[in-house]
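Secondary and tertiary structure notes
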Amino acid sequence: MYLLLVEDDLNLGNALRKLLRKQFNVDWVRNLGSARSRVAAAQYDVVLLDLGLPDGDGVQWLDALRTEGCQTPVLILSARDRLDDRVKGLDTGADDYLVKPFEPEELLARIRALLRRKAGTAQPHFVVGALSYAPEAQQFYLDDRPISLSPQERSILAVLIQAGEKPVSRDRLLQQLYGLGEGVDSNTLEVRIHALRRQLGRERIETVRGIGYRLVAL
Ligand code: CA
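Criteria and thresholds
- Residues numbered from 1 in each chain as written.
- Predicted model: local features only at pLDDT ≥ 70, side-chain atom pairs only at ≥ 80, totals over all residues.
- Heavy atoms only, no water.
- Domains from an automatic or database assignment.
- Buried area = accessible area lost by both parts, 1.4 Å probe.
- Salt bridge = Lys/Arg side-chain N within 4 Å of Asp/Glu carboxyl O.
- Polar contact = N/O pair within 3.5 Å; in protein donor to acceptor, adjacent residues only side chain to side chain.
- Helix = DSSP H or I, 4+ residues; strand = E, 2+ residues; numbered from the N terminus.
- Nonpolar A, V, L, I, M, F, W, Y, C, P; charged D, E, K, R; others polar.
- Pairing = 2+ DSSP bridges.

All right, on to the domain arrangement of the protein then. According to the domain assignment, the protein consists of domain 1 (2-119) and domain 2 (126-215). Spacing between the C-alpha centres of domain 1 and domain 2 amounts to 27 Å. Buried area between domain 1 and domain 2, both sides added, is near 1,100 Å², and the carbon and sulfur share of it is 42%. Interface area lost by domain 1 to domain 2 is led by Arg36, Thr67 and Glu68, which between them contribute 45%. Counting across the domain 1 and domain 2 interface gives zero salt bridges. Connecting domain 1 to domain 2 are three residue pairs in polar contact (both at pLDDT 80 or more). Listing elements by their share of the side of domain 1 that touches domain 2, those giving two or more residues are helix 2 (32-41) and helix 3 (58-68). Residue classes in the side of domain 1 that touches domain 2 are distributed as four nonpolar, five polar and three charged.

Pasting the structure below:
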């Protein structure tokens, strides 16, 4: 089992890594930028997410992850103990919320519960023509062959394929890129769409004038 710990506090991070390593493989990062690149590069079984991080709020990143279709269980670990913080975290897509300080035994029990639940859930699969997407693995396939995409391309294509053949607005797609923390200007989306078309075939992504883009079932 492979865990990602996102925690900027040095002492707590060290202590948690030591605790978790007895039972799991653990990667520990201390900011959202590193968390983004780890999640893009590896498939984790559970993400343990602090909220107050030096480069942003964990809830915003969680929101972007869920919008992309990533279903990795996320357990928020936060000192924010107000009801509305907990509700917001869970509504944004966290699977559980543990208020700091907590007992190590409780953290381990909650991780085990998430892993059991994950093992029992079916994975939805999105298909448009020859293109398909497995959100859990964040993997796209063309004619059943895995294709490799940059995190930005993957993020855009995930939104498009979840809309089926319906058009998705430029704003919605740009939001995805903002969610990845990328510098976004007026050209960024076109550049990514161009790259996707080069890989998938021009006709597979149609420009819908005045709106944005849509996938075509080919
Ligand atoms: Ca923190």
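And the narrative resumes.
So, about the sheet that holds strand 13 (residues 205-208). Spatial strand order, 12-14-13: three strands in an open sheet with antiparallel pairing. Sheet topology places strand 12 (168-169) and strand 13 at the edges, where each strand pairs with a single neighbour. Where strand 12 lies against strand 14 (residues 212-215), two bridges are found, and the strand directions are antiparallel. Looking at the pairing, Ser169 lines up with Gly212 of strand 14.

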